[in-house]
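Coordinates in review
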Amino acid sequence: MLRKTLPSIQRRRQHFSSSSSSPQESESLYSFLKPSLFSHKPITLTPSLSPPPQPSKALTHDQKASLESTLHLSLSTLNTDEAWKSFRSLVAASSLPQKPLLNSLITHLSQSTTSPHRLKRAFASAAYVIEKDPILLDFDTLLTLLQSMKIAKAASPALALVKCMFKNRFFVPFDLWGGLVIDICRESGTLASFLKVFKESCRVAIDEKLGYMKPGLEACNAALEACCRQMESLNDAESVIELMSVIGVKPDESTFGFLAYLYARKGLKEKIKELESLMDGFGFANKRILYSNLISGYVKVGDLDSVSDVILHSLKGGDCSFGEETYCEVVKGFIESKSVKSLARLITEAQRLESESIDIDVSVGFGVINACVKLGFSDKAHSVLEEMIAQGEEGTVGLGVYLPILKAYSKEYKTAEATQLVTEISSSGLQLDVEIYNALIEASMTNQDFVSAFTLFRDMREARAVDLKGSYLTIMTGLLENQRPELMAAFLDEVVEDPRVEVNSHDWNSIIHAFCKSGRLEDARRTFRRMVFLRYEPNNQTYLSLINGYVSGEKYFNVLLLWNEVKGKVSCVDAEKRSKLDHGLVDAFLYALVKGGFFDAAMQVVEKSQEMKIFVDKWRYKQAFMETHKKLRLPKLRKRNYKKMESLVAFKNWAGLST
């Protein structure tokens with residue numbers, strides 16, 4: 001049938017009858033209006049739940065003008081009930097308001113999508129006008145009403161309105177209303193209802209020779225979708241195809257796709273071959289939509305062998321980039337049929353056909369396993385992976401199979417499982433991207449699974465990944481936030497000689513600061529010595545952390561040793577190697593040395609601060625002296641240590657303390 005109809009543009013016209021609807025049909029069309037706002041034959045507007053008004057005499061000019069004035073005022077003041085009352089009075093006298101006023105009323109009634117009663121009145125008014133004098137109804141008003149029906153998901157009224165238009169030969173261009181009606185029907189799940197108005201519009205276009213009534217490709221495909229997907233009717237589908245030929249609408253990939261779905265559902269494999277041939281004839285090289293629809297149809301009837309055949313056939317033709325929706329259908333079909341082995345076999349066979357240069361995220365393996373994860377079948381994803389390994393060597397499992405599982409692990413913070421899987425991937429000779437490692441390491445640190453983070457980073461280094469900076473910083477930052485300086489030190493010691501990792505003084509400072517903050521001063525001192533040994537230059541922040549740590553632990557002698565080291569650097573003859581003190585470091589040294597009673601060293605600090613013109617607040621050190629050395633007696637000190645006495649006197653003179 002298709003071979004005869006699709007290529008042909010010279011076909012007989014299919015005729016339709018446009019006989020008036022029966023009372024029963026009208027009742028069906030307007031049943032949504034119950035309780036009815038108007039009777040069916042003839043259409044007469046009535047108030048809800050009240051008897052219809054008796055016909056009255058014709059209105060005088062003044063009476064009509066008065067009612068129109070009231071109607072206009074009511075619309076201006078948004079008094080809907082009064083406006084409706086005025087309109088009914090005009091209708092009862094077999095009269096209609098002037099065109100602008102009439103359209104304003106229907107537009108006003110249409111614009112309240114939250115009030116079904118007002119929308120019913122809008123529909124009833126429009127239907128009445130179409131029957132009595134359709135020329136009064138503006139296209140814009142009609143579109144406003146249909147748009148409101150779309151928002152209200154009122155498919156039956158929308159279709160009834162269109163049928164009323166056809167019945168009364170009110171031929172509005174299809175492009176103005178067709179798309180809206182299609183959307184309304186599709187959203188309400190009643191696309192099959194659109195088929196009748198589609199065929200009627202085609203009949204009008206053909207019989208009346210009105211080109212503007214011809215449905216376009218989108219509408220033809222919508223009608224075909226209804227025939228194939230909802231009604232599953234071969235006869236109706238082929239009648240739509242014939243109409244497309246008659247009105248001169250050429251098919252596209254979606255046209256063939258809908259037919260492919262229906263043919264797959266019906267098991268018409270010869271027809272499917274014809275479709276592929278016809279697509280070639282129309283010049284459609286990409287058959288992805290055709291194959292996706294075939295897969296959907298075969299899944300629906302449980303023909304999983306044909307599903308596999310289509311996927312493998314598509315790989316041979318290069319149209320293998322199926323969407324996530326298609327893969328989800330495939331996975332559901334196989335899992336519901338408890339065919340995990342067949343699913344694993346499909347991936348294995350697909351991998352043999354796929355190009356080595358194929359992007360991982362468009363491979364069949366990735367698509368299937370990713371769909372498993374998306375559908376919440378993570379356990380089935382594992383089962384497929386295990387089955388693939390059982391069916392052959394582990395090396396035959398492509399990276400695309402592993403990635404969705406790894407991403408699921410990362411999202412669910414199953415970091416130990418992810419690390420184990422990464423080890424398996426590496427042992428099989430496959431290599432992960434840096435982004436995957438980074439994501440897994442970040443998840444491990446968030447989960448405080450430091451062992452996994454270290455293992456992953458080690459694997460990343462062994463895989464010769466070029467960019468290690470991101471994961472290195474993630475680990476260091478995470479350990480610092482979790483106050484694990486011992487792990488920071490061990491990790492830094494492991495990677496410090498790797499040229500791909502940029503270790504700097506700041507990293508050492510972070511470890512030293514963390515050790516000092518937790519009172520682990522010996523560990524801080526060892527880290528400092530390790531830092532110097534590896535030729536990382538300590539800076540003022542390094543010394544500040546150590547000084548504050550020593551002061552907290554009352555290790556003032558260690559501060560003295562530290563000052564001797566710093567003093568050598570600030571007194572260096574070589575200007576390029578000479579260090580500089582700042583106010584913070586001077587303050588820290590002075591306070592600690594005064595508290596420890598090392599006045600000679602304290603005065604050395606004072607001397608250096610004066611040389612470098614660094615302001616020193618003497619009051620702070622007076623307080624430190626009074627707190628610690630208030631009972632110190634000079635005569636006793638003179639006998640024991642004359643030099644220390646001199647330093648004490650010098651300090652007291654400098655600080656302004658009485659001797």
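Residues numbered from 1 in each chain as written. Predicted model: local features only at pLDDT ≥ 70, side-chain atom pairs only at ≥ 80, totals over all residues. Heavy atoms only, no water.

For the chain, the name recorded in an unreviewed UniProt entry is At1g68980-like TPR repeats domain-containing protein, with Brassica campestris as its organism. The annotation that UniProt attaches to the chain under Sequence similarities (unreviewed entry) is "Belongs to the PPR family. P subfamily." (UniProt positions renumbered as here; feature names shortened; annotations may be inferred.)

**Thoughts on the overall build of the chain**
Scanning the chain from terminus to terminus reveals 35 helices and two strands. Classification of the 659 residues of the chain by burial places 50% in the buried group. Put simply, 68% of the contacts in the chain that link residues at least 6 apart link residues at least 24 apart. In the form shown here, the chain has an accessible surface area of approximately 32400 Å², with 49% of it arising from carbon and sulfur atoms. (Helix = DSSP H or I, 4+ residues; strand = E, 2+ residues; numbered from the N terminus. Buried < 20%, exposed > 50% of the residue type's maximum accessible area, 1.4 Å probe, protein only. Contact = heavy atoms within 4.5 Å. Areas by Shrake-Rupley, 256 points an atom, 1.4 Å probe, with all protein chains shown as cover.)

**A closer look at the packing of helix H19 (residues 364-374) against helix H21 (residues 399-412)**
Closest axis-to-axis distance for the H19/H21 pair is 7 Å, and the angle between their directions is 25°. Comparing their axes, H21 and H19 come out roughly parallel. The way H19 lies across H21 gives a crossing that is right-handed. Contacts between H19 and H21 involve Gly365, Phe366, Ile369, Asn370 and Val373 from the first element and Gly400, Val401, Leu403, Pro404, Ile405, Lys407 and Ala408 from the second. Looking at the contact of H19 with H21, its residues break down into eight nonpolar, three polar and one charged. (Axes fitted to C-alpha atoms, helices over the stretch in contact; angles between N-to-C directions. Parallel < 35°, antiparallel > 145°, perpendicular 65-115°, else oblique. Left-handed = near helix turned anticlockwise from the far one by under 90°. Nonpolar A, V, L, I, M, F, W, Y, C, P; charged D, E, K, R; others polar.)

**Brief notes about the packing of aromatic side chains**
Considering all chains together, one arrives at 21 aromatic pairs under this definition. Note on Phe174 and Trp177: the rings are 4.7 Å apart at their centroids and 65° apart in plane angle, and the pair reads as edge-to-face. Note that Phe174 and Trp177 are positioned in helix H9 (residues 174-187) at a spacing of three residues, about one turn of the helix. Comparing Phe174 with Trp177 shows no difference in burial state: the two are buried. Among the aromatic side chains, those forming a connected cluster through ring pairs are Phe599, Tyr621, Phe625, Phe651 and Trp654. (Phe/Tyr/Trp six-rings, centres within 6.5 Å; stacked < 30°, edge-to-face > 60°.)

**Overview of helix H11 (residues 217-231)**
Compared with the 21 Å implied by 1.5 Å per residue over 15 residues, the 20 Å span of H11 between its first and last C-alpha is a close match. Looking only at H11, the buried set comprises Ala219, Cys220, Asn221, Ala222, Ala223, Leu224, Glu225, Ala226, Cys227 and Cys228. Each element contacted by the buried residues of H11 is listed here: H9, helix H10 (194-207), helix H12 (234-247) and helix H13 (253-266). (Expected span 1.5 Å × (residues − 1).)

**Structural notes on the pattern of salt bridges**
For the coordinates displayed, the defined rule picks out 29 salt bridges. Close ionic contact of Arg169 with Glu208 constitutes a salt bridge, the shortest N to O distance being 3.0 Å. With Arg169 in the loop between helix H8 (155-167) and H9 and Glu208 in the loop between H10 and H11, this residue pair connects regions lying 39 residues apart in the sequence. Assessed through its relative accessible area of 28%, Glu208 is described here as partly exposed. One salt bridge connects Arg461 with Asp498, and the closest N-O pair in it is separated by 2.9 Å. Note that Arg461 is positioned in helix H24 (residues 450-462) and Asp498 in the loop between helix H26 (485-495) and helix H27 (505-517), a separation of 37 residues in sequence. On the basis of relative accessible area, Arg461 is assigned to the partly exposed category, the value being 21%. Within the structure, one salt-bridge network assembled from shared partners comprises Arg484, Glu486, Arg520, Glu522, Asp523, Arg525 and Arg526. (Salt bridge = Lys/Arg side-chain N within 4 Å of Asp/Glu carboxyl O.)

**Structural notes on the nonpolar core**
Counting residues in each nonpolar core, the largest one holds 209 residues, and the members touching the most others are Trp177, Phe194, Leu406, Phe457, Phe589 and Phe651. In this structure Leu406 touches Ala418, Leu421, Val422, Ile425, Leu432, Ile436 and Leu440, once residues within four positions along its chain are discounted. (Core = buried A, V, L, I, M, F, W, Y, C linked by side-chain atoms within 4.5 Å.)

**Points about empty space enclosed by the protein**
Tallying each qualifying case throughout the model produces one cavity of 30 Å³ or more. Of the volumes computed, that of the largest cavity is approximately 50 Å³. Val373, Ser378, Ala381, His382, Ile405, Ala408, Tyr409, Glu412 and Lys414 together form the lining of the largest cavity. Elements that contribute at least two residues to the lining of the largest cavity include exactly helix H20 (378-391) and H21. Sorting elements by how many residues they give to the lining of the largest cavity places H21 first, with four residues. (1 Å grid on protein atoms, 1.4 Å probe; cavity = no way out; pocket = protein on both sides within 12 Å on 5 of 7 lines; lining within 4 Å. Points joined across faces, edges and corners; volume = space filled by probe spheres on them.)

**Considering unusual backbone geometry**
At Arg535, a residue that is not glycine, the phi angle is positive and equals roughly 65°. On the secondary structure map, Arg535 appears in the loop between helix H28 (521-533) and helix H29 (540-552). Under the relative-accessibility criterion, Arg535 is labelled exposed at 80%.

**So, the packing of helix H3 (residues 61-76) against helix H5 (residues 99-110)**
One can describe the packing of H3 onto H5 by two numbers: an axis separation of 11 Å at closest approach and a directional angle of 35°. Every pair of crossing elements has a handedness; the one defined by H3 and H5 is left-handed. Residue-level contacts link Glu68, Leu71, His72 and Leu75 of H3 to Leu101, Ser104, Leu105 and His108 of H5. Of the residues in the contact of H3 with H5, the class split is four nonpolar, three polar and one charged.

**With respect to H29**
The terminal C-alpha atoms of H29, which comprises 13 residues, lie 18 Å apart, in line with the 18 Å expected from a rise of 1.5 Å per residue. Within H29, the full set of buried residues consists of Thr542, Tyr543, Leu544, Ser545, Leu546, Ile547, Gly549, Tyr550 and Val551. For H29, the secondary structure elements touched by its buried residues are H27, H28, helix H30 (556-570) and helix H31 (583-596).

**A closer look at the confidence of the model for the chain**
Close reading of the predicted structure is inappropriate where its pLDDT is low. Across the chain, the average pLDDT comes to 85, with 87% of residues at 70 or higher. Predicted confidence for residues 3-53 stays below pLDDT 50, and this span has 100 contacts to residues more than four positions away or in other chains. (pLDDT = per-residue confidence, 0-100.)

**Comments concerning the state of the cysteines**
A covalent bond between the sulfur atoms of two cysteines is what we call a disulfide. Summed over the entire model, instances satisfying the criterion amount to zero disulfides. Cys328 takes part in no disulfide bond, and the closest cysteine sulfur to it belongs to Cys372, at a distance of 8.9 Å. (Disulfide = S-S within 2.5 Å.)

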